[in-house]
Amino acid sequence: MTSELRRRLGATYTLDELAGEYGASDRWARDVVDSLDPEAPPAGDVGTVTDAAFHLYARGAQDYHP
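Residues numbered from 1 in each chain as written. Predicted model: local features only at pLDDT ≥ 70, side-chain atom pairs only at ≥ 80, totals over all residues. Heavy atoms only, no water.

(A) Region of interest: the pattern of salt bridges. Enumeration over the complete set of coordinates arrives at 3 salt bridges. A salt bridge links R8 to E4; its shortest N-O distance comes to 2.7 Å. Of this pair, R8 and E4 are both found in helix α1 (residues 2-9), 4 residues apart, which corresponds to roughly one turn of the helix. When its relative accessible area of 33% is taken as the criterion, R8 is described as partly exposed. Relative accessible area serves as the criterion here: at 13%, E4 is assigned to the buried category. Within this structure, E4, R7, R8 and E21 form a network of salt bridges that share partners. (Salt bridge = Lys/Arg side-chain N within 4 Å of Asp/Glu carboxyl O. Helix = DSSP H or I, 4+ residues; strand = E, 2+ residues; numbered from the N terminus. Buried < 20%, exposed > 50% of the residue type's maximum accessible area, 1.4 Å probe, protein only.)

So this is what it looks like as structure tokens:
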């Protein structure tokens, strides 16, 4: 999932840009999770995986301050 975020946002991004992508993630997150294991049944709720990936990726934002 984080590799998809990098593809969509690049290596340099802000929290605002990340939040914008989060708002659109319902259109692509399920496809990404399902592609990780094509033999597995389709994913159910991918919200937890999506939230975790965005949380992790937020730490790399230019304007992130812990």
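(B) The packing of aromatic side chains, seen in detail. Under the definition given, this model contains 3 aromatic pairs. Plain terms: the ring middles of Y22 and F54 are 5.0 Å apart, the flat faces sit at 85° to each other, and that makes the pair edge-to-face. Taken together, the positions of Y22 in helix α2 (residues 15-24) and F54 in helix α4 (residues 47-58) put the pair 32 residues apart, joining distant regions of the chain. Residue classification places Y22 among the partly exposed residues on the basis of a relative accessible area of 38%. Of the aromatic side chains, those joined through ring pairs into one cluster are Y22, W28 and F54. (Phe/Tyr/Trp six-rings, centres within 6.5 Å; stacked < 30°, edge-to-face > 60°.)

(C) Layout of α2. Residues L18, E21 and A24 constitute the buried set of α2. Down the axis of α2, the buried set is contained in an arc of 115°. They therefore lie on one face. In α2, the exposed residues that point more than 90 degrees away from the buried face are D16 and G23. Contact partners of the buried residues in α2: α1 and α4. (Arc of directions from axis to C-beta. Contact = heavy atoms within 4.5 Å.)

(D) The nonpolar core, seen in detail. In this structure, M1, L5, Y13, L18, W28 and Y57 are the most contacted members of the largest nonpolar core, which totals 15 residues. Elements represented by at least two residues in this core include exactly α1, α3 (29-36) and α4. If sequence neighbours within four positions are ignored, Y57 has contacts with T2, L5, R6, L9, G10, Y13 and L18. (Core = buried A, V, L, I, M, F, W, Y, C linked by side-chain atoms within 4.5 Å.)

(E) The packing of α1 against α4, seen in detail. As a packed pair, α1 and α4 sit with axes 9 Å apart at the nearest point and diverge in direction by 60°. Comparing their axes, α4 and α1 come out oblique. The element α1 and its partner α4 pack so that their crossing is right-handed. Here T2, L5, R6 and L9 of α1 come into contact with α4, specifically with A53, F54, L56 and Y57. (Axes fitted to C-alpha atoms, helices over the stretch in contact; angles between N-to-C directions. Parallel < 35°, antiparallel > 145°, perpendicular 65-115°, else oblique. Left-handed = near helix turned anticlockwise from the far one by under 90°.)

Coordinates in, geometry out; function isn't part of it.
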